Amino acid sequence: MTNKRNYLCLLLTQASGVKVTDEVISVFNDMKVRKAQANEDEKRKRKKAILFCLSKDLKNIVLDEGKEILLGDIGNTVTDPYQDFVKMLPPNDCRYALYDATYETKETKKEDLVFIFWAPESAPLKSKMIYASSKDAIKRKFEGIKHEWQVNGLEDLKERRTLAEKLGGSSIVTLEGAPL
């Protein structure tokens, strides 16, 4: 038991020094700043959702290659951005994600970034501990995030109503154009 405890302490100590790469910070800033004067090509390249993971050496938080949805994909290769986002999440490992949610309340249409910590129960304990202890490193770089959501399984994500509750509760009438 002592060896296991020492191993977990070592993992936590290693993870506390995790750095967020400049590329991750740049993606966040691009998603955060919505340019009203953006041309159509720029709008199509804007990210709707993206996943981040730990590098193989566990020292950096990096982009999870190929795990993104662009606004230009919607209507072409992506019919339901929320469901496609859910399908991108690995069933047996942790990830961090940014999701640019578009929703309507009874009064207005809104867009908000949501920071998601995906830690499925089926993920290895080592992965859950490293990701949990590194979460603050990425959150500190993501200034201005209003919504944070820790998700521990697909059941938490299945209904888009759950995300709507995180965004504003019962005042939300649509999420990604679909009624709730």
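Just so it is clear, the model here is predicted, and its values are computed rather than measured.

Enquirer: I would appreciate a short explanation of the side chain of Asp64 in the present structure.
Expert: One can find Asp64 in strand S3 (residues 60-70). On the accessibility criterion, Asp64 (12% relative accessible area) is buried. Of note is the side chain of Asp64, whose polar atom sits 2.6 Å from the side chain of Arg95. Ignoring anything within four residues of it in the chain, the contact list for Asp64 reads Leu51, Phe52, Cys53 and Arg95.

Enquirer: For this particular structure, what's the right way to read the nonpolar core?
Expert: General note: in soluble globular proteins, nonpolar side chains tend to be found buried as a group. Grouped together as the largest cluster of nonpolar side chains are 26 residues, with contacts concentrated most on Phe52, Ile61, Tyr96, Leu98, Ile138 and Phe142. At the level of elements, helix H2 (22-32), strand S2 (47-54), S3, strand S4 (95-105), strand S5 (109-118) and helix H5 (125-141) are the ones that each hand at least two residues to this core. Ranked by size, the runner-up nonpolar core spans 24 residues in total, among them Ala49, Phe85, Leu157 and Ala164.

Enquirer: Can you walk me through the pattern of salt bridges in this structure?
Expert: Side-chain pairing between opposite charges can occur once the charged atoms of the two side chains come close. Counted under the stated rule, the structure contains 14 salt bridges. Here Asp112 ties to Lys146 by a salt bridge, and the two come within 3.3 Å at their closest N and O atoms. Here Asp112 is found in strand S5, whereas its partner Lys146 is found in the loop between H5 and strand S6 (147-151), with 34 residues between them in sequence. With a closest N to O distance of 3.0 Å, Glu148 and Lys135 form a salt bridge. With Glu148 in strand S6 and Lys135 in helix H5, this pair connects stretches of sequence that are 13 residues apart. Taking the relative accessible area as the measure of exposure, Glu148 reaches 36% and is therefore partly exposed.

Enquirer: Just checking my understanding: could you explain helix H7 (residues 160-168) for this structure?
Expert: Helical geometry: 3.6 residues make up each α-helical turn, so side chains three or four residues apart lie on a common side. The set of residues buried in H7 consists of Arg160, Leu163, Ala164 and Leu167. Buried residues in H7, looked at end-on, bunch into an arc of 105°, giving them a common side. Following H7 by one or two positions, Gly169 has its phi on the positive side, about 70°.

Enquirer: For this particular structure, what's the right way to read unusual backbone geometry?
Expert: The bulk of non-glycine residues show a negative phi, and the bulk of peptide bonds are trans. Its identity is not glycine, yet Leu58 carries a phi of approximately 65°, on the positive side. Positionally, Leu58 belongs in the loop between S2 and S3. Residue classification places Leu58 among the partly exposed positions, given a relative accessible area of 25%. Notably, Glu176 is not glycine yet its phi reads approximately 55°, a positive angle.

Enquirer: For this particular structure, what's the right way to read the pairing of S5?
Expert: Remark: a regular strand shows side chains that alternate across the two faces of the sheet. Here S5 lies mainly inside the structure; 7 of its 10 residues are buried. When S4 meets S5, the two strands line up antiparallel, connected through 10 bridges. Residue pairing across strands places Ala101 opposite Asp112, the latter belonging to S5. The loop that links S4 with its antiparallel partner S5 comprises 3 residues. Relative to S6, S5 runs parallel, the two sharing 5 bridges. Among the inter-strand pairings, Ile116 is bridged to a residue of S6, identified as Trp149. For the crossover from S5 across H5 to S6, the handedness is right-handed.

Enquirer: Mind showing me how you'd approach the environment of Phe142 here?
Expert: Mapped onto the secondary structure, Phe142 falls in the loop between H5 and S6. We classify Phe142 as buried; its relative accessible area is 3%. Remark: the alpha-carbon pair of Phe142 and Leu98, spanning 44 residues in sequence, is separated by 9.8 Å. Setting aside residues up to four positions removed in sequence, Phe142 forms contacts with Val24, Phe28, Phe52, Leu98 and Phe115.

What counts and what doesn't
- Residues numbered from 1 in each chain as written.
- Predicted model: local features only at pLDDT ≥ 70, side-chain atom pairs only at ≥ 80, totals over all residues.
- Heavy atoms only, no water.
- Helix = DSSP H or I, 4+ residues; strand = E, 2+ residues; numbered from the N terminus.
- Buried < 20%, exposed > 50% of the residue type's maximum accessible area, 1.4 Å probe, protein only.
- Polar contact = N/O pair within 3.5 Å; in protein donor to acceptor, adjacent residues only side chain to side chain.
- Contact = heavy atoms within 4.5 Å.
- Core = buried A, V, L, I, M, F, W, Y, C linked by side-chain atoms within 4.5 Å.
- Salt bridge = Lys/Arg side-chain N within 4 Å of Asp/Glu carboxyl O.
- Arc of directions from axis to C-beta.
- Pairing = 2+ DSSP bridges.
- Right-handed = clockwise from strand over helix to strand, strands pointing away.

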